[in-house]
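Single-letter residue listing:
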Amino acid sequence: MPSSRPNKTLAELQRWRRTRSRRRWYKRSFRLQVMLLVGLLLAGMLLAQGTYLNHRKAEIISTQMGERALAVAKTVASMPELIDAFDDENPASVIQPLAERVRRETGARYVVVGNNQSVRYSHPVPERIGLTMVGGDNARALENGESYVSEATGTLGSAMRGKTPVRDEAGNIIGIVSVGFMLDRVAMDIARYNSLGWTLVALMIVLGFAGAYWLSQHLKRVILGLEPYEIARLAMEKEAILQSIHEGILAVNREGQITLVNQQARWFLGLADEHILLGQPIREVVPNSRLQEVLKYGQQEFDQQMWLGDHPVVVNRVPIIHEGEIEGAVATFRSRREIVDLSQALTQASRDVDMLRAQAHEFSNKLYTISGLLQLERIDEALTLIHQETKRAQAQMSFLMRHVADTVLSGTLMGKLTRARELGVTLEIDEQSSLGCPLTPTGQEVMMSVVGNLLDNACYAALHGPNDPPRVRLFFTDLGEQLLIEVEDNGPGVIPDHVESIFSEGFSTKTGQHQGLGLALVARLCRQHGGTVTLEDSELGGACFIAVLDRSLCADVDASSSVIS
């Protein structure tokens, strides 16, 4: 007994969930909603129209039956033999056969003729001849001489009556003619005519639901089988994705009008409001987008370089093709500067790894040498080698600690000294060099990039130059209002034809991929931070690069520029 209640509760919960699920399905089924909406709307319109038309038809049929009864009554009232019969001693003997003949020929339920006292001279039931007419609606004909249609209940039942007075040659009212069609027959005639109309209405409703079902199926296929709430969710997700990705996206329709532009693209174009761009011709907003050519020829273009305002970008352009027709085009673009920065960072990381590997190799060789000397019991030579290496390292470290206040830049220079020694390049730091103030985080990044790229290029030039041994000299100072860095080498120098383009992105005299980035990055960093980079002839016989940066990169611009003691 105790276990039956939980089982019953679980079953009820399951039934409730199934019912809720079905209810939710009915609410969310787009196909069913469209079919019911269109079908019920069409059915409501047809029913309303059918009701109105059938009602009008019933009124018309009733009117026609009344007018028919009145016409028959007028015809009978104007018959000369009927008028003459009123003067006979027994008018019924003439009028009854005449009225019955007319009744049979016209299909009326009765044709009753009475005198001006409403006494019958004819009736379908002969026994009622001579009796007073029933219904109480003869006054208008007998007293006013009117011809009219009325509904009243007589001895034969409710009928639609046409009544008209009978006049003699002098125009005096001598009697009345009443022609009646029973209302039940009128109703039967109306029902017979209306049945066809209601049948057609029912058929149209069935056809309407069938058309609504087909329409819902077609719409379902057009929207790829998705429900409205799914489309709404996908639209919101698409909008969130488009606005959050780091690449700019620009889409146009087949007429070349902008249909989509995300936040990053607006930033590239320098526009804040998306609605300004939507619907605008692409040739007016971005004249060099080449999306018109993509729309015309349908050719895909990848990794193409162009400028959007002041931003160099790398663009991909693809057409939107549906069922073999070009419906539009999409362009995605990303900043080329970011690509350059990323490539530079990867290059720097690779160089750092190579430097660490070289240091490990150098110290490993020295350790093996010291180990061999100790095994040979050449202790004095081992100590001399240790003292020599320690003295050289301490001299470099002492110089950097005295002349460079920023530890990050000191570490960079120490690594470059080790790397140059491994490459066989003599890297000299001018004894007059000094940096008496620490750098800001931005200053550290800028100085590492500028000094690192200039030294790497100088070492490469010295190694591939005609002079031996390869030499590189570095000088830096923060005296005055700016930071000054000079790097010169004894390499082959820069030929005059390359002087104008050596700082351009992509230009390089080196072979291999990802070249032509270092000097362009140095030039851009110098421009961004209030300085320049220039090229001169070196006293060593090669090239001398002079980079100037604003002193605001120092953490304390008012600090004394004296050398740290």
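Here the structure is shown first, and the text comes after it.
In what follows, the accompanying structure is described. Note that this is a predicted model, so its numbers are computed, not measured.

### Observations regarding a nonpolar patch on the surface
Right, on to step 1. A grouping of Leu-196, Leu-200, Leu-203, Met-204 and Leu-207 is seen on the molecular surface, where their side chains present a nonpolar patch of about 490 Å² in accessible area.
Right, on to step 2. Of note, Met-204 is situated in helix α6 (residues 183-222).
Right, on to step 3. In this structure Met-204 comes out as partly exposed when scored by relative accessible area, which is 41%.

### A short note on a negative patch on the surface
Right, on to step 1. A cluster of acidic side chains, namely Glu-81, Asp-84, Asp-87, Asp-88, Glu-89 and Glu-169, defines a negative patch on the protein surface.
Right, on to step 2. With respect to the helices and strands, the residue Asp-87 is situated in the loop between α3 (80-85) and α4 (92-106).
Right, on to step 3. Classification of Asp-87 by relative accessible area gives exposed; the value is 69%.

### Considering the pattern of salt bridges
Right, on to step 1. The final tally for this structure, using the stated rule, is 14 salt bridges.
Right, on to step 2. The salt bridge involving Glu-301 is made with Arg-290; its shortest N-O contact spans 2.7 Å. Of this pair, Glu-301 sits in strand β7 (residues 301-308) while Arg-290 is found in the loop between α10 (282-285) and α11 (291-297), placing the two residues eleven residues apart along the sequence.
Right, on to step 3. For Asp-456, the salt bridge identified is with Lys-416, shortest N-O distance 2.9 Å. You can see Asp-456 sitting in helix α15 (residues 441-463) and its partner Lys-416 sitting in helix α14 (residues 407-423), a full 40 residues away along the chain. No difference in accessibility class separates Asp-456 from Lys-416, as the two residues are buried.
Right, on to step 4. What emerges from the salt-bridge pattern is a single network uniting Glu-428, Arg-471, Arg-473, Glu-488 and Glu-539.

### Quick look at the packing of aromatic side chains
Right, on to step 1. Applying the stated criterion across every chain yields a total of one aromatic pair.
Right, on to step 2. Taking NZ or CZ as reference, Arg-140 lies 4.1 Å from the ring centre of Tyr-148, over its face.

### Here's the deal with the side chain of Ser-150
Right, on to step 1. Relative to the helices and strands, Ser-150 resides in strand β2 (residues 148-154).
Right, on to step 2. Ser-150 sits in the buried class, given a relative accessible area of 14%.
Right, on to step 3. Residue contacts for Ser-150: discarding those within four places in its chain leaves Asp-137, Ala-159, Met-160, Arg-161 and Lys-163.

### A look at unusual backbone geometry
Glycine aside, residues mostly have negative phi angles, and peptide bonds mostly take the trans form.
Right, on to step 1. Residue Pro-469 is reached from Asp-468 by a cis peptide bond, and omega for that bond is 5°.
Right, on to step 2. By secondary structure assignment, the location of Pro-469 is in the loop between α15 and β11 (471-477).
Right, on to step 3. One non-glycine residue, Ser-118, adopts positive backbone phi at about 65°.
Right, on to step 4. Tracing the sequence through the fold places Ser-118 in the loop between β1 (110-115) and α5 (139-144).

### Quick word on the sheet that holds strand β14 (residues 543-550)
Sheets are built from strands that pair by backbone hydrogen bonding, the pairs being arranged parallel or antiparallel.
Right, on to step 1. Sheet architecture is open: five strands sit in the order β10-β11-β12-β14-β13, paired in mixed fashion. This sheet does not close on itself; its edge strands, each paired only once, are β10 (426-429) and β13 (533-537). Taken pair by pair, the neighbouring strands of this sheet meet at an average axis angle of 15°, ignoring direction.
Right, on to step 2. Summarising the sheet, β13 and β14 pair through five bridges and their orientation is antiparallel. Its bridge partner being in β14, Leu-535 is matched across the sheet by Phe-545.
Right, on to step 3. Strand contacts of α14: β10 and β11, with the helix running at about 150° to β10, the strand carrying the most contacts.
Right, on to step 4. Strands in contact with α15 are β10, β11, β12 (482-489) and β14; relative to β12, the strand with the most contacts, it is inclined by about 15°.

Calculation notes
- Residues numbered from 1 in each chain as written.
- Predicted model: local features only at pLDDT ≥ 70, side-chain atom pairs only at ≥ 80, totals over all residues.
- Heavy atoms only, no water.
- Patch = residues over 30% accessible without salt bridge, like charges linked within 9 Å, V, L, I, M, F, W, Y side chains within 5 Å.
- Areas by Shrake-Rupley, 256 points an atom, 1.4 Å probe, with all protein chains shown as cover.
- Salt bridge = Lys/Arg side-chain N within 4 Å of Asp/Glu carboxyl O.
- Helix = DSSP H or I, 4+ residues; strand = E, 2+ residues; numbered from the N terminus.
- Buried < 20%, exposed > 50% of the residue type's maximum accessible area, 1.4 Å probe, protein only.
- Lys, Arg positive; Asp, Glu negative; His and termini not counted.
- Charge placed at Lys NZ, Arg CZ, Asp CG, Glu CD.
- Phe/Tyr/Trp six-rings, centres within 6.5 Å; stacked < 30°, edge-to-face > 60°.
- Lys NZ or Arg CZ within 6 Å of the ring centre and 35° of its normal.
- Contact = heavy atoms within 4.5 Å.
- Pairing = 2+ DSSP bridges.
- Axes fitted to C-alpha atoms, helices over the stretch in contact; angles between N-to-C directions.

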